Amino acid sequence: MMLTPIASYGYIRSAKEPSETGKSMAELNGYTEEEWARLIDDNLEYGEIKELIHLFNPNMDNGWNQMDDNARDMQQSVFVLNDARKKTKETYDDSVKQIRLLPIPEEMKQAEIKKLDSLKILEQTVGTAAHQYNENYKKMRSTSSMTRGLYSAEDSLTYAVQSLMVAYSTVHANVGMLQKLVELYTKQLDSYKSLMTQGMATETDVLKAQSDLVSSQSNLAKLKTTDQQLYNQIITMCGWKSGDRVNIGSIPVPDASEVAGMNPEADAEVAANNNSQIKALHSAKHKNTSAGLDVYFGKEAELKGYVRANMQKVYADVIAAQQGYEAAQVGLEAAKLNKKAVDTQYRQGLLSEPQYLGASIEKVQKDAAYTGALSSYVQAILDYKAALRGNIDAN
């Protein structure tokens with residue numbers, strides 16, 4: 001019987017089969033050297049999250065290793081059973097040969113061989129058991145509840161880290177914005193104080209600038225804490241240790257064609273088929289009577305109706321986020337053009353310093369608004385994809 005080779009899931013740290021001896025870490029894990037080097041460097045890119053979760057997330061690593069251990073234990077049982085079957089067959093064949101050499105009548109030889117039937121039956125039983133163990137092993141690797149559970153957990157963790165990275169992108173951008181605002185408000189406050197001594201600014205101007213500065217400093221301190229918390233959550237869930245220095249990349253701008261290809265009506269059917277509440281209804285026992293089937297199909301229709309309605313809401317959120325992103329793009333481009341004009345006017349002495357600083361502050365705020373709109377857009381698409389995988393309420 002051909003034994004199915006073990007293909008490890010999760011992060012492989014060393015050779016587990018003779019054929020793997022001498023292979024590099026990249027080869028053991030199914031990557032080219034270039035791909036592996038990029039994956040294990042200290043840069044965390046949005047597109048790498050799923051692979052990092054699969055390979056290096058502590059919980060997933062433990063789960064896949066446990067499954068590999070269980071599979072190897074089961075396969076070892078197959079080896080043992082196959083060996084026992086082989087030895088039993090050899091014992092039977094040798095015994096039959098010895099009996100046939102005995103100087104006794106053929107009837108007596110057949111009677112003695114008949115006594116060995118128990119060995120033949122044992123060989124068949126052990127062979128059947130070995131085959132069943134191998135079949136169970138193959139089934140466990142492909143369709144077992146443990147495998148499905150691990151893949152489901154992987155999907156959930158990937159979605160969680162992607163969402164955290166989206167949130168981090170906004171928070172980190174806002175930290176940068178507030179740092180610039182603190183710098184600009186400080187200059188603005190100093191400018192108003194100087195102008196007030198010359199009678200060109202009022203105390204109200206000074207107090208407002210001071211209030212803006214204090215508010216920005218307070219918000220910056222709070223946001224830095226949130227920024228660090230999100231940073232640590234992201235890197236530890238992807239396999240790094242808390243406090244490690246990792247460069248977290250930017251989130252990608254969605255492709256508009258991806259949104260154009262969404263079909264909430266058709267996608268609602270996919271979402272319903274993947275929905276755990278509807279799956280539970282399908283697997284639950286129900287009375288196979290006209291009344292029982294009416295209740296069953298009525299409940300199924302009700303749940304699917306909720307999924308369709310919620311799918312429409314998630315889709316509407318995507319469209320709203322897309323429109324918000326496009327508006328933020330326009331606002332940012334306008335702010336860039338305005339900043340260029342303001343720079344020129346300021347150099348020509350046509351603007352006061354407070355006016356120039358005000359325009360600079362507006363540009364910084366538009367930058368942050370753009371990043372926030374992009375994050376909302378990416379998150380809305382993530383939520384839509386999660387709904388397709390069944391992560392949507394059917395109530």
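Analysis parameters
- Residues numbered from 1 in each chain as written.
- Predicted model: local features only at pLDDT ≥ 70, side-chain atom pairs only at ≥ 80, totals over all residues.
- Heavy atoms only, no water.
- pLDDT = per-residue confidence, 0-100.
- Contact = heavy atoms within 4.5 Å.
- Helix = DSSP H or I, 4+ residues; strand = E, 2+ residues; numbered from the N terminus.
- Buried < 20%, exposed > 50% of the residue type's maximum accessible area, 1.4 Å probe, protein only.
- Lys, Arg positive; Asp, Glu negative; His and termini not counted.
- Salt bridge = Lys/Arg side-chain N within 4 Å of Asp/Glu carboxyl O.
- Phe/Tyr/Trp six-rings, centres within 6.5 Å; stacked < 30°, edge-to-face > 60°.

### Brief notes about the confidence of the model for the chain
Within the chain, residue pLDDT values average 83, and 83% of them lie at 70 or more. Below a pLDDT of 50 lies the segment residues 1-8, which in the model reaches 27 contacts outside its immediate sequence neighbourhood of four places, other chains included.

### Here's the deal with the side chain of Asp267
Among the secondary structure elements, Asp267 is positioned in helix α10 (residues 264-274). With no salt bridge to any partner, buried Asp267 finds its closest opposite charge in Lys385, at an N-O distance of 11 Å. The contacts of Asp267, once residues within four sequence positions are left out, are Met262, Met311, Tyr384 and Leu388.

### Side note on the packing of aromatic side chains
Summed over the entire model, instances satisfying the criterion amount to 7 aromatic pairs. For the pair Trp36 and Phe56, a centre-to-centre distance of 6.0 Å together with 55 degrees between the ring planes defines the contact as tilted. Separated by 20 residues along the polypeptide, Trp36 in helix α2 (residues 33-39) and Phe56 in helix α3 (residues 49-56) bring together distant segments of the chain. There is no split in this pair, since Trp36 and Phe56 are both buried. Here Tyr168 and Tyr231 contribute two aromatic rings whose centre-to-centre distance is 6.5 Å and whose plane-to-plane angle is 40 degrees, an arrangement assigned as tilted. Taken as a pair, Tyr168 in helix α7 (residues 145-197) and Tyr231 in helix α8 (residues 203-237) lie far apart in primary sequence, 63 residues in all. With relative accessibility at 11%, the residue Tyr231 sits in the buried group.

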